Amino acid sequence: MRTTSVLKVLPVSALMLIITSCAGDGSNVETKDEKVKIKLETVHRQDVEQLYEFTATVEANISNNIAPQSPARIEKLHVEVGDRVNAGQLLATMDATNLKQTKLQLENQETEFKRIDELYKIGGVSKSAWEAQKTGLDVSRTIVKNLEENVQLLSPISGIITARNYDNGDMYSGTPVYVVQQIRPVKLMVNVSESYFTQVKKGMDVDIRLDVYGDDVFNGKVHLIHPTIDPATRTFPVEIRLPNNDDRVRPGMFARITMNFGTVQHVVVSDQAIVKQAGSADRFIYVYKNNGTVSYQKVELGRRMNDRYELISGVEDGDQVAVTGLNRLTNGAEVEIVK
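Thresholds applied
- Residues numbered from 1 in each chain as written.
- Predicted model: local features only at pLDDT ≥ 70, side-chain atom pairs only at ≥ 80, totals over all residues.
- Heavy atoms only, no water.
- Helix = DSSP H or I, 4+ residues; strand = E, 2+ residues; numbered from the N terminus.
- Rg over C-alpha atoms; globule rule 2.2 N^0.38 Å.
- Buried < 20%, exposed > 50% of the residue type's maximum accessible area, 1.4 Å probe, protein only.
- Contact = heavy atoms within 4.5 Å.
- Areas by Shrake-Rupley, 256 points an atom, 1.4 Å probe, with all protein chains shown as cover.
- Core = buried A, V, L, I, M, F, W, Y, C linked by side-chain atoms within 4.5 Å.
- Polar contact = N/O pair within 3.5 Å; in protein donor to acceptor, adjacent residues only side chain to side chain.
- Pairing = 2+ DSSP bridges.
- Axes fitted to C-alpha atoms, helices over the stretch in contact; angles between N-to-C directions.

### Concerning the overall build of the protein
Then step 1. Looking only at helices and strands, the protein has four helices and 20 strands in total.
Then step 2. The C-alpha atoms of the protein give a radius of gyration of 41 Å, which is well past the 20 Å a tight globule of 339 residues would have.
Then step 3. By the burial criterion, 33% of the 339 residues in the protein qualify as buried.
Then step 4. When contacts within the protein are restricted to residue pairs at least 6 apart in sequence, long-range pairs at least 24 apart make up 71% of them.
Then step 5. When the accessible area of the protein is evaluated, it comes to approximately 20700 Å², of which 49% is carbon and sulfur surface.

Laid out in structure tokens, this is it:
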């Protein structure tokens, strides 16, 4: 009751002062019809290099598994992992017991054939008997030759030993004794979109960066283009060769390959203008219209170039796009332009 009495005796001017103080000055209250203040950027077409990056794992140009044709004991290993070898170099010697026995049998066959051959010349044996003896001798000679090749395991290529799977005295049991790889050059396989099928050319230069070497750029060339498109992925394989004369690049390294498909004219816009639609991979831009509103337009992004994006579609040359206030904009919203 006391409060009521006080209000009754207060003058009207005092009541107005109290009401004004409680409401504040109204400066922080945004009216429903207030226009969003934005800054605009005018976009233009310009030449944009069509650079596309692919990832790949470095592979040896040639990889050979060194092994005999049949199980045998390893008598001596002559090289170690990491050794560089030349084509024809002896890598391992296998047990030669079987070879020695087969050679003795061959010597006996050769002696017997000489006897049969002399008899054949004077008509002492038939031609069929002579031919049978000759065939048996040829077969034995081939067997000896194969055994000799399997007793001495030679490298078919010049390269580097990347694996050794046995020790001296082990019995070979199916796994290669050595793996030798040619790493001058190395190769990289990438899958390129079919839309670039007519633009990839044999001998085309490419830039290669390896994570282990930071920003160092290695120069490679397109060596082989597969002639068919994979219908599942709509890509085609491309083989790239890197000379690797200094042996810095090794199989298994992770690489990023950049291909340059020339230049085209596309609109370029600040990355501040790009809006990502929640829950999807779509990108949008607010384009200013002459009636003082903005239009929410879907765009297709191309390359990112520092703080700017290439636009494949969605915005035209000379359009004005919003670069501030994007989180308060909606399609068709009225805006006020600020400098």
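### Considering the nonpolar core
Then step 1. By size, the foremost hydrophobic cluster in this structure holds 27 residues, and its most contacted members are Val 190, Val 192, Ile 208, Val 238, Ile 240, Ile 257 and Met 259.
Then step 2. Among the elements of the structure, β3 (44–57), β10 (178–193), β11 (205–210), β12 (217–225), β13 (235–242) and β14 (254–270) are those that each provide at least two residues to this core.
Then step 3. The leading source of residues in this core is β10, at five residues.
Then step 4. With sequence-adjacent residues up to four places away left out, Ile 257 is seen in contact with Tyr 52, Glu 53, Phe 54, Thr 55, Ala 56, Leu 188, Val 190, Val 206, Asp 207, Ile 208 and Ile 240.
Then step 5. Judged by nonpolar contacts, the second largest core, of 17 residues, contains Ala 92, Leu 153, Ile 157 and Tyr 166.

### Quick look at the side chain of Glu 239
Then step 1. Considering the arrangement of structural elements, one finds Glu 239 in strand β13.
Then step 2. Classification of Glu 239 by relative accessible area gives buried; the value is 7%.
Then step 3. Within the structure, Glu 239 has its side chain in polar contact with the side chain of Arg 241 (distance 3.0 Å).
Then step 4. When residues no more than four places from it in sequence are discounted, the contact partners of Glu 239 are Lys 187, Leu 188, Met 189, Lys 221, Val 222, His 223 and Leu 224.

### So, the pairing of β13
The side chains of a regular strand alternate, first on one face of the sheet and then on the other.
Then step 1. Here β13 lies mainly inside the structure; six of its eight residues are buried.
Then step 2. Direction of pairing for β10 relative to β13: antiparallel, over a ladder of eight bridges. Of the residues in β13, the one forming a bridge with Val 192 is Phe 236.
Then step 3. For β12 and β13, the ladder comprises four bridges, and the chain directions are antiparallel. By the bridge assignment for β13, Leu 224 is matched with Glu 239.

### A word on the sheet that holds strand β7 (residues 90–94)
Then step 1. Taking strand neighbours across the sheet as the criterion, the three strands line up as β5-β7-β8 in an open arrangement whose pairing is antiparallel. Of all strands in the sheet, those with a lone pairing partner are β5 (74–77) and β8 (152–154), marking the two edges. Taking each pair of neighbouring strands and ignoring which way they run, the sheet shows an average axis angle of 25°.
Then step 2. Packing of helix α4 (residues 127–151) onto the sheet brings it into contact with β7 and β8, and relative to β8 it is tilted by some 70°.

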